Amino acid sequence: MRLDLRLPPLAGFASREHSAPIVPERSVAGRTLVLLIAIMTFLSGVTLGGVVLVQKSAIAWSSDVGREVTIQLRPVEGEVMESNLRIAVALAEATPGVASARALSLEDSQKLLEPWLGKGLDISAIDIPRLVAVQLADPAEADLDKLKRDLEAGVKGASLDTHAAWRQQLNVMAGTIVASGLLVLGMIVVATVLAIIFATRGTMSSNREIVDVLHFIGASNSFIAGEFQGRFLTIGFRGGLFGGIAALAFFLLVGLAAGSMVPTEANQQLGVLFGRFALGIDGMLGILAVVPVIAALTAITSRLTVRRFLQRTS
């Protein structure tokens, strides 16, 4: 911007106008926009953190389920269950890629049935299927086809469950939740952009006299847009910082509450589903990365909105 310094009144006026921010930091509009951006950043951080938790849990689920297969032995008339269990364990341990095999006792089977049948049920007089838990050293190298053939030939009533269908359901469920979270995150970003556009237009309308004076003394549209961009960058960074810190505090408080206030059994289930709400370093960095992204988005959106407004009114 070029100013004629030989004209003291005009130069003094331009200096005063240039030193005063176009969007005052402590104005009502500025405080409202900071609060709005803080809320949007908080929602974005919570959504992103939830996506990270689900993705981490899904990877852990798939890894744990993929390293274990189950041999089920149905009661067969004329067959001794305990003998069949020992044969099944021996066949599993002889299979390449198997780390260990263990037959579940009646007490273990009863604990597995408690969520459906309740506690205190005596199943000793009931012929129920028995299970053998097989841990794999390396799922890629385990010869499960050989184990399945050996079981069919050597143990009557035996079947092998690789949990493939269960893993697929887990992956589909996790993928759906992650996709939904990303969609919600995208909608929050769109809502933030629209809010910034309306705020910028409102600020331009309320400061139209200042813009006209800046035009009169020779300021270009690019200079005016840059002034708005710098002011909205500060507002966006401040609001984003508040919202990011609030999102981190939210996950910290939820994690502490889940560990101390939830009953033991429910707490264990939540731990399986969400990893006890532990974001980890990558999750925290992801939420903090939202802050500069929101600030940059605020600055760029305001600049484009101002330039378009000036082009339409000039």
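Notes on the structure in this doc start here. (Residues numbered from 1 in each chain as written. Predicted model: local features only at pLDDT ≥ 70, side-chain atom pairs only at ≥ 80, totals over all residues. Heavy atoms only, no water.)

## Quick notes on the overall build of the protein
- In terms of regular secondary structure, the protein is built from 10 helices and 4 strands.
- From first element to last, N terminus to C terminus, the protein shows the α and β order α-α-β-α-β-α-β-α-β-α-α-α-α-α.
- Across the 314 residues in the protein, those meeting the buried criterion constitute 34%.
- Considering only residue pairs separated by 6 or more positions, the protein has 84% of its internal contacts joining residues 24 or more positions apart.
- Of the roughly 18,200 Å² of accessible surface on the protein, 63% is carried by carbon and sulfur atoms. (Helix = DSSP H or I, 4+ residues; strand = E, 2+ residues; numbered from the N terminus. Buried < 20%, exposed > 50% of the residue type's maximum accessible area, 1.4 Å probe, protein only. Contact = heavy atoms within 4.5 Å. Areas by Shrake-Rupley, 256 points an atom, 1.4 Å probe, with all protein chains shown as cover.)

## Details of a nonpolar patch on the surface
- Together, F237, L241, F242 and I245 give the surface a local cluster of nonpolar side chains, amounting to about 390 Å² of exposed area.
- Along the chain, F242 falls in helix 8 (residues 221–260).
- The class of F242 is partly exposed, set by a relative accessible area of 49%. (Patch = residues over 30% accessible without salt bridge, like charges linked within 9 Å, V, L, I, M, F, W, Y side chains within 5 Å. Salt bridge = Lys/Arg side-chain N within 4 Å of Asp/Glu carboxyl O.)

## Re the pattern of salt bridges
- Within the structure shown, the criterion is met by 5 salt bridges.
- Note that E82 is salt-bridged to R130, the shortest N-O span being 3.2 Å. With E82 in helix 3 (residues 81–93) and R130 in strand 3 (residues 130–136), this pair connects stretches of sequence that are 48 residues apart.
- Given the relative accessible area of 41%, E82 is considered partly exposed.

## Observations concerning the packing of aromatic side chains
- Taken as a whole, this structure holds 2 aromatic pairs when the rule is applied.
- Relative to F250, the ring of F42 lies with its centre 6.0 Å away and its plane at 85°, an arrangement referred to as edge-to-face. Of the two residues, F42 is situated in helix 2 (residues 28–66) and F250 in helix 8; the sequence distance between them amounts to 208 residues.
- Residue F250 is classed as partly exposed on the basis of its relative accessible area of 33%.
- An aromatic cluster of at least three residues, connected via ring pairs, comprises F42, F250 and F251. (Phe/Tyr/Trp six-rings, centres within 6.5 Å; stacked < 30°, edge-to-face > 60°.)

## Let's talk about the pairing of strand 3
- Of all 7 residues in strand 3, 5 are buried; the element is thus mostly enclosed.
- Note: strand 1 (residues 68–73) against strand 3, 6 bridges, orientation antiparallel. Pairing of Q72 across the sheet is with L131, part of strand 3. (Pairing = 2+ DSSP bridges.)

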